[in-house]
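# Observations on chain architecture
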Amino acid sequence: DIQMTQSPSSLSASVGDRVTITCQASQDITNYLNWYQQKPGKAPKLLIYDASNLETGVPSRFSGSGSGTDFTFAISSLQPEDIATYYCQQYDTLWTFGQGTNVEIK
Amino acid sequence: QLQLQESGPGLVKPSETLSLTCTVSGGSISSSGYYWGWVRQPPGKGLEWVGSIYYSGTTYYNPSLESRVTISVDTSKNHFSLKLTSVIAADSAIYYCARHDCSSGRCKYFDYWGQGTLVTVSS
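Summarised in this report is the structure supplied together with it. (Residues numbered from 1 in each chain as written. Chains lettered and ligands numbered in written order. Predicted model: local features only at pLDDT ≥ 70, side-chain atom pairs only at ≥ 80, totals over all residues. Heavy atoms only, no water.)

This part is about the sheet that holds strand β8 (residues 70-75) of chain A. Residue and element names in this part refer to chain A. Spatially, the four strands line up as an open sheet ordered β1-β3-β8-β7, and their pairing is antiparallel. Edge positions in the sheet fall to β1 (4-7) and β7 (62-67), since each has one partner strand and no second. The mean angle between the axes of side-by-side strands here comes to 15 degrees, regardless of whether they run parallel or antiparallel. In terms of strand pairing, β1 meets strand β3 (residues 19-25) through four bridges, oriented antiparallel. Note that in β3 the partner of T5 across the bridge is Q24. (Pairing = 2+ DSSP bridges. Helix = DSSP H or I, 4+ residues; strand = E, 2+ residues; numbered from the N terminus. Axes fitted to C-alpha atoms, helices over the stretch in contact; angles between N-to-C directions.)

The interface is formed by 19 residues belonging to chain B together with 19 residues belonging to chain A. In this assembly, chain B and chain A are joined by one salt bridge. Notably, a salt bridge pairs K108 of chain B with D50 of chain A, separated by 2.8 Å at the nearest N-O pair. At the junction of chain B with chain A, the criterion picks out 12 residue pairs in polar contact (both at pLDDT 80 or more). Of all elements in the fold, only β4 (34-41), β5 (48-53), β6 (59-61), β9 (93-101) and β10 (110-113) of chain B reach the threshold of two or more residues within the side of chain B that touches chain A. Residue classes in the side of chain B that touches chain A are distributed as 11 nonpolar, four polar and four charged. (Contact = heavy atoms within 4.5 Å. Salt bridge = Lys/Arg side-chain N within 4 Å of Asp/Glu carboxyl O. Polar contact = N/O pair within 3.5 Å; in protein donor to acceptor, adjacent residues only side chain to side chain. Nonpolar A, V, L, I, M, F, W, Y, C, P; charged D, E, K, R; others polar.)

Applying the stated rule across the entire model yields three disulfides over all chains. A sulfur-sulfur separation of 2.1 Å characterises the disulfide bridge that pairs C23 of chain A with C88 of chain A. With the S-S dihedral at roughly 65 degrees, the linkage between C23 of chain A and C88 of chain A falls on the right-handed side. Taken as a pair, C23 of chain A in strand β3 and C88 of chain A in strand β9 (residues 84-90) lie far apart in primary sequence, 65 residues in all. Among the residues examined, C23 of chain A registers a relative accessible area of 1% and is labelled buried. A relative accessible area of 0% places C88 of chain A in the buried class. Put simply, C102 of chain B and C107 of chain B are joined by a disulfide, and their sulfur atoms are 2.0 Å apart. A torsion of 105 degrees about the S-S bond marks the disulfide between C102 of chain B and C107 of chain B as right-handed. (Disulfide = S-S within 2.5 Å. Buried < 20%, exposed > 50% of the residue type's maximum accessible area, 1.4 Å probe, protein only.)

Residue and element names in this part refer to chain B. With antiparallel pairing, the four strands of this open sheet are ordered in space as β1-β3-β8-β7. Of all strands in the sheet, those bounded by a partner on one side alone are β1 (3-7) and β7 (69-74). Averaged over neighbouring strand pairs, the angle between their axes works out to 20 degrees when direction is ignored. As defined by bridge partners, β1 adjoins strand β3 (residues 18-25) across five bridges and the pair is classed as antiparallel. Looking at the pairing, Q5 lines up with T23 of β3.

What follows is the structure, encoded as structure tokens:
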């Protein structure tokens, strides 16, 4: 099984700050990685696919990078509506999610 | 607009079988290139993929649940179903159904989701 490890598990930042989340795979997954946003009481929403491609309609302040085992998700300028939990998900072998990163406003 | 809606009992007794159905509207479950999946989320915890099915009946299951999970599809009713046997308290979760995009030849992401349904395992 491929394990996905996200860090940090939670973070607090000010509006306008740059926020970064990392996701590490237990083995090489090339670029087979997605990022989702989940707001409280809602289903997850796809933001980034293939590690760095922005889903249609997603604001450009969201971005993703990385390949192999190490990946990064970033919000260039944190907005109040970005308060959510963010998950990475690999699709190299079956499908596994990271444990999530809770983003709060300071 | 594609919509998915979960339905089924919200309370299941330990050792019994959890049964849920996901009804798809606004599109056909028989569309080529898409699997249909279940993802669950214990209260306050992260996401876990349960399994996925193609309209032909081909399935993939999470190895940790495979001995207890069956996913089936009914194309005439445009819905697919989940059965999880011998449930325990740890199976209590919000269960989401979702479309699994495999149109590129590799099943990548879940792009349409139901609202989720909470299932509690308790006597």
